[in-house]
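One letter stands for each residue in the lines below.
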Amino acid sequence: AESELEALATTAEGPGDEPAAAARYLLGRLAQNHRTPGDPVRAASHYRRLIEEQPEHFFADQARIKLAQLEIYEPSLAASERLVRIEHHAAVAAGLSRPGSRRDLHLVLAQACAQLRLDDALALRHYLAADAAGIERPQLRANVTVAIGELAARLGQTDLARDYFERYLAEFRRDYRRSLVRDKLAALTAPSDR
């Protein structure tokens, strides 16, 4: 499969060559996920080449998302370097024309900030950007809505937390976190009580 993909990727007929873009992206995915052990350097090389050769293509956007994951989660990085890389990829996200690609890259950045305990305010910013780009899958939308409410509450942004907790309760009537979110909402002080 790899040799056939390599042949497709290297016989590109120009910037809009769909098979070449898909092949280059899949070569990156093979190196990243389907080798034991994975080869993140080789995967990143395929993603960068695709971005360089066909920067406007959908698969180039997907490569940007995967490249961000590889670069941010690189095991040997210090927290300060991870934050620099997150800011770099935030600038990339801002330039993406496809809302779905922008959303997915912001989700990667938000989740990295949250999972690696880097910066709650930065995680909140990226979750809000992902939400603004539009999240269609209900479970993901519920997760992001709760995450925004929790981060906003932790950061003292009570009005924003309340808005997102209320949105969650109105939209997700069968989600298992309803009781928890109701308790969190009740714990927030009303604006006039401050």
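Anyway, here's the lowdown on the structure attached to this text. The structure displayed is predicted, hence computed values, not measured ones.

Another aspect to go through is the overall build of the protein chain. Along the protein chain, the regular secondary structure elements total 10 helices and 0 strands. Starting at the N terminus and ending at the C terminus, the protein chain contains elements arranged as α-α-α-α-α-α-α-α-α-α. Taking the principal axes of its C-alpha atoms as reference, the protein chain extends roughly 65 × 35 × 30 Å. Classification of the 194 residues of the protein chain by burial places 45% in the buried group. Across the protein chain, 27 positive and 28 negative side-chain charges occur, with their mean positions spaced 5 Å apart.

Bringing the nonpolar core into the picture now. Formed by 38 residues in total, the largest nonpolar core has its most connected members in Ile86, Leu105, Tyr127, Val144 and Tyr168. Taken together, the elements giving at least two residues each to this core come down to α4 (58–72), α5 (79–94), α6 (99–115), α7 (120–133), α8 (138–154), α9 (158–171) and α10 (178–187). Leaving out residues up to four positions away in the same chain, valine 144 has contacts with Leu107, Tyr127 and Ile135. Of all hydrophobic cores here, the second largest spans 14 residues; its members include Ala21, Tyr25, Leu50 and Ala63.

Taken as a whole and assessed by the stated rule, the structure comprises 17 salt bridges. For arginine 125, the salt bridge identified is with glutamate 87, shortest N-O distance 3.4 Å. Here the residue arginine 125 occupies a position in helix α7, and glutamate 87 occupies one in helix α5, the gap between them amounting to 38 residues. In this structure arginine 125 comes out as partly exposed when scored by relative accessible area, which is 42%. Residue glutamate 87 is classed as partly exposed on the basis of its relative accessible area, which comes to 37%. Residue glutamate 150 is joined to lysine 184 by a salt bridge in which the shortest nitrogen-to-oxygen separation is 3.1 Å. Residue glutamate 150 is found in helix α8, and its partner lysine 184 is found in helix α10; the two are separated by 34 residues along the sequence. Taking the relative accessible area as the measure of exposure, lysine 184 reaches 30% and is therefore partly exposed. Among the charged side chains, a network of salt bridges with common partners joins Glu2, Arg35 and Arg42.

Let us now look at the layout of surface pockets. One number sums up the size of the largest pocket: a volume of about 150 Å³. What lines the largest pocket is simply Gln62, Ile65, Lys66, Gln69, Asp104, Leu107, Val108, Gln111, Arg137 and Leu140. Every element with two or more residues in the lining of the largest pocket is listed here: α4 and α6. Here the lining of the largest pocket is built from residues that sort into 4 nonpolar, 3 polar and 3 charged.

Let us now look at the packing of helix α2 (residues 18–33) against α4. Helices that pack against each other are described as a pair by the angle of their axes relative to one another and the distance between those axes. Where α2 contacts α4, the two axes come as close as 10 Å, and the packing angle between them is 15°. The orientation of α2 with respect to α4, classified from their angle, is roughly parallel. α2 and α4 meet at a crossing whose hand is left-handed. For the pair α2 and α4, the contacting residues are Glu18, Ala21, Ala22, Tyr25, Arg29 and Gln32 in the first and Phe59, Gln62, Ala63, Lys66, Gln69 and Leu70 in the second. Among the residues forming the contact of α2 with α4, the class breakdown is 6 nonpolar, 3 polar and 3 charged.

Two numbers describe how α5 lies on α6: the axes approach to 9 Å, and their chain directions differ by 165°. For the element pair α5 / α6, the angle class is roughly antiparallel. Here α5 and α6 pass one another in a crossing that is left-handed. On α6, the residues touching Ile86, His89, Ala90, Val92 and Ala93 of α5 are Arg102, Leu105, His106, Leu109, Ala112 and Cys113. When grouped by side-chain class, the residues that make up the contact of α5 with α6 number 8 nonpolar, 2 polar and 1 charged.

For the bond from threonine 36 to proline 37, the omega torsion is -5°, close enough to zero to count as cis. Look at arginine 117: it is not a glycine, yet its phi comes out positive at around 50°. The exposure class of arginine 117 is exposed, given its relative accessible area of 76%.

What counts and how
- Residues numbered from 1 in each chain as written.
- Predicted model: local features only at pLDDT ≥ 70, side-chain atom pairs only at ≥ 80, totals over all residues.
- Heavy atoms only, no water.
- Helix = DSSP H or I, 4+ residues; strand = E, 2+ residues; numbered from the N terminus.
- Buried < 20%, exposed > 50% of the residue type's maximum accessible area, 1.4 Å probe, protein only.
- Lys, Arg positive; Asp, Glu negative; His and termini not counted.
- Charge placed at Lys NZ, Arg CZ, Asp CG, Glu CD.
- Core = buried A, V, L, I, M, F, W, Y, C linked by side-chain atoms within 4.5 Å.
- Contact = heavy atoms within 4.5 Å.
- Salt bridge = Lys/Arg side-chain N within 4 Å of Asp/Glu carboxyl O.
- 1 Å grid on protein atoms, 1.4 Å probe; cavity = no way out; pocket = protein on both sides within 12 Å on 5 of 7 lines; lining within 4 Å.
- Points joined across faces, edges and corners; volume = space filled by probe spheres on them.
- Nonpolar A, V, L, I, M, F, W, Y, C, P; charged D, E, K, R; others polar.
- Axes fitted to C-alpha atoms, helices over the stretch in contact; angles between N-to-C directions.
- Parallel < 35°, antiparallel > 145°, perpendicular 65-115°, else oblique.
- Left-handed = near helix turned anticlockwise from the far one by under 90°.

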